[in-house]
Amino acid sequence: MNFEIKYKDARGRVGVLKTPHGKVKTPALMPVIHPGKQTLDVKKFGAEIVITNAYIIYKNMDLRIKALENGVHNLINFTGPIVTDSGSFQLSEYGDIDVSNQDIIEFQEKIGADIGTSLDIPTPPFVKRGRAEKELEITIKRARESLNVRQDMMLNSVVQGSTYLDLRAKCAQIIGDMDFEVHPIGAVVPLMESYQYSTLLDVIMSSVDNLPDSRPRHLMGAGHPMIFAFAVALGCDLFDSAAYILYAQDDRLLMPNGTYKLENLYEMPCSCKVCSNYTPDNLRSMEKNERMKFIAEHNLNISFAEIRLIKQSLAEGSLWELVEQRCRVHPYLLEALRNLKKYTSKIEKYDPSYKKSAFFYSGSESLQRVEIHRHLNRLKSLPTSKRLLILPPSVKPYSKNISLDINNFYSNIENLNLNEVLRASDDLQVAVVDVPFAVIPLEIDEVYPLAQNESPSTLDEDAKKFVTGILKNYLDNYEEVIISADIIKMFENSLESSLKSQLKFEYNNYSLNIDLGDKRRVRYIADYQFGSGSGEALFSGDINIVKSKKTGKIRHVYDKEELIATLRASDGVLVLGREGALRLHRYLPYPHKRVIVNEEAEPFAVEGKSIFAKFIIDCDSNIRASEEILIVNSKDELLAFGKSILCGPEMINFKTGQAVKTRKGGF
Ligand code: GUN
Ligand code: ZN
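Criteria and thresholds
- Residue numbers here run from 1 along each chain, matching the order of that chain's written sequence.
- Chain labels run from A onward and ligand labels from 1 onward, assigned in the order the entries are written.
- It should be noted that, the model being predicted, local features are given only for residues of pLDDT at least 70 and side-chain atom pairs only at 80 or more, the latter also being counted only at that level, while totals for whole chains, interfaces and linings use all residues.
- The side-chain numbers reported here are obtained from all heavy atoms of the structure, hydrogens and water having been left aside.
- Helix numbers and strand numbers start at the N terminus; a helix is a DSSP run of H or I with at least 4 residues, a strand a run of E with at least 2.
- Exposure classes here rest on a 1.4 Å probe applied to the protein chains alone. A residue is buried below 20% of its type maximum, exposed above 50%, and partly exposed in between.
- Residues count as neighbours in contact if any of their non-hydrogen atoms are within 4.5 Å of one another.
- Cavities and pockets were defined on a 1 Å grid built from protein atoms only: a cavity is a group of points that admits a 1.4 Å probe but offers it no way out, a pocket is an open group of points flanked by protein on both sides within 12 Å along at least five of seven lines, and a lining residue is one with an atom within 4 Å of any such point.
- Grid points are joined across faces, edges and corners, and a volume is the space filled by probe spheres set on the points.
- Each residue gets one of three labels, nonpolar for Ala, Val, Leu, Ile, Met, Phe, Trp, Tyr, Cys and Pro, charged for Asp, Glu, Lys and Arg, and polar for the others, Gly among them.
- Any two cysteine sulfur atoms lying within 2.5 Å of each other are counted as a disulfide.
- For Na, K and Ca the donor cut-off is 3.2 Å; for every other metal, N, O and S atoms count as donors within 2.8 Å. Water does not enter the count, which can leave sites looking incomplete.
- A site with four donors is called tetrahedral when every donor-metal-donor angle falls between 85 and 135 degrees; four donors are called square planar, and six octahedral, when opposite donors sit more than 155 degrees apart and all other angles fall between 65 and 115; any other arrangement is irregular.
- Strand pairing is assigned whenever DSSP identifies at least 2 bridges connecting the two strands.
- Orientation is described by axes fitted as lines to C-alpha atoms, over the contacting stretch for helices, and by angles from 0 to 180 degrees between their N-to-C directions.
- What is meant by a nonpolar core is a set of buried Ala, Val, Leu, Ile, Met, Phe, Trp, Tyr and Cys residues, joined one to another through side-chain atoms within 4.5 Å.
- Stacked, edge-to-face and tilted are the three classes for Phe, Tyr and Trp ring pairs, Trp counted by its six-membered ring, which pair at centre distances within 6.5 Å; planes under 30 degrees apart are stacked, over 60 edge-to-face, the rest tilted.
- A positively charged side chain is recorded as over a ring if its NZ (Lys) or CZ (Arg) lies within 6 Å of the ring centre. The angle to the ring normal must also be within 35 degrees.
- Note on definitions. A residue lies near a molecule or strand when any single heavy atom of the residue is within 4 Å of it.
- For this analysis, a polar contact is any N or O atom pair within 3.5 Å, provided that within protein one partner can donate a hydrogen and the other can accept it, and provided that sequence-adjacent residues contribute only side-chain to side-chain pairs.
- Surface accessibility follows the Shrake-Rupley procedure with a 1.4 Å probe radius. Residue values consider only the protein chains on display as shielding.

1. Concerning the environment of P383
Among the secondary structure elements, P383 is positioned in the loop between α18 (370-379) and β15 (387-391). Judged by relative accessible area, which is 33%, P383 ranks as partly exposed. Apart from the residues lying within four places of it in its own chain, the contact partners of P383 are Q429, Y524 and D527.

2. A few points about the layout of surface pockets
What the second largest pocket holds in volume is close to 540 Å³. Taken together, 24 residues form the lining of the second largest pocket, with Y354, K355, K356, S626 and K643 sitting closest to its centre. Secondary structure elements with two or more residues in the lining of the second largest pocket: β1 (3-9), α14 (288-316) and β30 (638-644). A per-class count over the lining of the second largest pocket returns nine nonpolar, six polar and nine charged.

3. Let's talk about the state of the cysteines
Formally, a disulfide is one covalent bond, and it connects the sulfur atom of one cysteine to the sulfur atom of another. The tally for this structure, following the rule as stated, stands at zero disulfides. Free cysteine: C171, not disulfide-bonded; nearest cysteine sulfur from C236 at 15 Å. C171 gets classed as buried once you look at its relative accessible area, which sits at 0%.

4. Things to note about the coordination of the zinc ion (ligand 2)
Protein-derived ligands of the zinc ion (ligand 2) are C270 (SG), C272 (SG), C275 (SG) and H298 (ND1), with the metal-ligand distances lying across 2.1 to 2.3 Å. Between the four donor atoms coordinating the zinc ion (ligand 2), the angles at the centre fall across 100 to 117°, so the site counts as tetrahedral. Sequence spacing among the residues donating to the zinc ion (ligand 2) works out to C-x1-C-x2-C-x22-H. Of the two residues, C270 and C275, neither departs from the other in class, the shared state being buried.

5. Regarding the sheet that holds strand β24 (residues 562-567)
Spatially, β22-β23-β24-β25 is the arrangement adopted by the four strands of the open sheet, whose pairing is antiparallel. The sheet is open, and its two edges are formed by β22 (543-547) and β25 (574-576), each paired on a single side. Pairs of neighbouring strands in the sheet enclose a mean axial angle of 25°, with direction left out of account. Across five bridges, β22 lies against strand β23 (residues 554-559) in antiparallel orientation. Paired with I545 across the bridge in β23 is V557. Each of β22, β23, β24 and β25 is contacted by helix α23 (residues 518-530), which is oriented at about 75° to β25, the strand it contacts most. Along the sheet face, helix α25 (residues 578-587) touches β22, β23, β24 and β25 and points at about 95° away from the line of β24.

6. Side note on the nonpolar core
Counting 109 residues, the largest nonpolar core has L200, L219, F230, F239 and L319 as its most contacted members. Among the elements that line this core, the one with the most residues is α14, at ten residues. Leave out the neighbours within four places in its chain, and L200 touches V188, L191, M192, L219 and I227.

7. A few points about the packing of aromatic side chains
Enumeration according to the criterion identifies nine aromatic pairs in this entry. Where Y58 meets F107, the ring centres are 5.1 Å apart and the plane angle is 80°; that geometry is what we call edge-to-face. Of the two residues, Y58 sits in helix α1 (residues 54-59) while F107 sits in helix α5 (residues 101-110), which places them 49 residues apart along the sequence. Judged by relative accessible area, which is 15%, Y58 ranks as buried. On the basis of relative accessible area, F107 is assigned to the buried category, the value being 5%. The side chain of K43 reaches across the aromatic face of F78, ending 5.1 Å from its centre. A cation over a ring is seen here: R64 above Y58, with NZ or CZ 4.2 Å from the ring centre.

8. Points about the pairing of strand β12 (residues 252-255)
Sheet topology note: the β12/strand β13 (residues 258-261) ladder contains four bridges and is antiparallel. Counted as the bridge partner of L254 is T259 from β13.

9. Observations concerning the site of ligand 1
As a structural note, the neighbourhood of ligand 1 is formed by D85, S88, D120, P122, Q160, G186, A187 and M220. In the environment of ligand 1, an oxygen atom lies 2.8 Å from a nitrogen or oxygen atom belonging to the backbone of A187. Here ligand 1 loses 93% of its free accessible area of 280 Å² to cover by the protein chains.

10. Some remarks on the side chain of S484
Take S484: it is sitting in strand β20 (residues 480-484). You can call S484 buried: its relative accessible area is 0%. Only 3.1 Å separates the side chain of S484 from the backbone nitrogen of D486, close enough to count as a polar contact.

11. Describing empty space enclosed by the protein
According to the stated counting rule, one finds six cavities of 30 Å³ or more in the structure shown. When its volume is computed, the largest cavity comes out at roughly 100 Å³. Taken together, W320, E324, L337, L340, K341, Y343, T344, I347, E365, Q368, R369 and V370 form the lining of the largest cavity. Looking at the lining of the largest cavity, the elements with two or more residues in it are α15 (319-326) and α17 (344-348).

This is the structure in structure tokens:
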């Protein structure tokens, strides 16, 4: 086990991969080094790890002898980790190679590769199923054999299966159960070359979803920066680029928004050294080799810049925003982004519940983001009332900015007296309707991301349709509904007819003064965060709600001197205190919101030390990253409480790195 996670967003992760030649931060780009021809020093551009081809070295007597005598690190003059490919690519290009699986693995180990690769068969997309099955059998047989042949070398095991998603899944499960360190996803180059990103999405997801989370995944042959963010969001950690040199040979410049041909360039496209120091005319007038070197340098610069930006986005929780930008650079990428909808619930499990970044709406594709899916699910855990009052959106947080001049309402009940309705507020749910979260009960309007999101006030038709659909369903939960006429104007006239008997209130200059009550607010937030009934369990009895003198916002909730919870100002999320952890533990049935640690870890947990994944025996598989959770032993005795760094499935799968940041231990 030599991979651990540092940050997460979407299904992506910032990780650290340990190899005999040092640690690599992922996502990482591995420039392809040609063992005989390399002239560029890729380390200068930020390469921490490279990939080269063992078969080329093996076939060339001069290179072979040098590699066997001085090692592959000397041969290609790179001191960091080196991955070697096996010749499978040559196999797929030329149909035949003259080395056995066993020989090429032994050779990779002898020349000192950090991570070697067995001789998988890259079955192209859309071949006949019989061929895909037969070749997959050989790929798996060779993978198994490679485990017996290797001594200490780390091993790749490539997922194949062509475009048959069940074969990809089956392959991923079989090799995922074996003792490999890294899993490339193979034979995807033809899909990328032909812009079939939707199929690529399916191939990646059927592979990633069946591979162990604890191993890095390498999207083999992906070297164009326009695809990196998307692939990372799906769970890919490693890329290799021959593109930087192949495109340069062809006078083409890589950019995250596509490819530029030198002959069409009027201005240089970026701010790297090459682009700042030369004009397109300068480059065009150079000798072919010199020009190629400069373009390759630009290509490396821009590719590593994109990888850095992706890591930054992962760390701050804005990867979806980057993905939505990048997927607009090609219509087929946009198509793939739209088809991501199929995988929403799969990805949602891995996406952290709370992030540092706000949710930015960038167009109708944002409507399918996992945060909205999650919100609509969590809404179901809130208490229900008899009556519902729906208000139009205002400045966020909504509850602080309810418009005073709303005076037109529709209802399904005749002759309702709004004054009376508001006075009987125990039986009334007030909610705002807005894009993109559709229905936002006022009690939870400051919880991430319901206040931490921005969308244009000019609505697109898809957003209107989406919100209206959700709202119509939501109305069914209430006997009596009262809707601001503004909503009907903003979103959809047909809403009017969905209200059985329409009634128009005319409250001129009526001032809405809605007092939710602090207790009700914290209870709703707890239900939203921890599940139905948690609010009552946490905040019952003689509780004391303390507000900030400066902002007037709820800060802490106590039971006498004992802290139940703090309402975090930045994202409106409840952070448990000792009393809160006890109460939640008493209320929620095992294994809800729990991480179960082994005996060895008990004393550490009690002392408040962070929990490493290797100590975790079991956990609630519904835990997402960045949630408040309970730490218990196998007898379900409460040891500590803290914040999850990984999600449930990852906690079970990982054996390295931190899984929970403990807040406090000892009861
Ligand atoms: N390089 C690009 N695609 C592949 C693949 O499917 N297998 C191997 N071993 N190398 C590749
Ligand atoms: Zn440049």
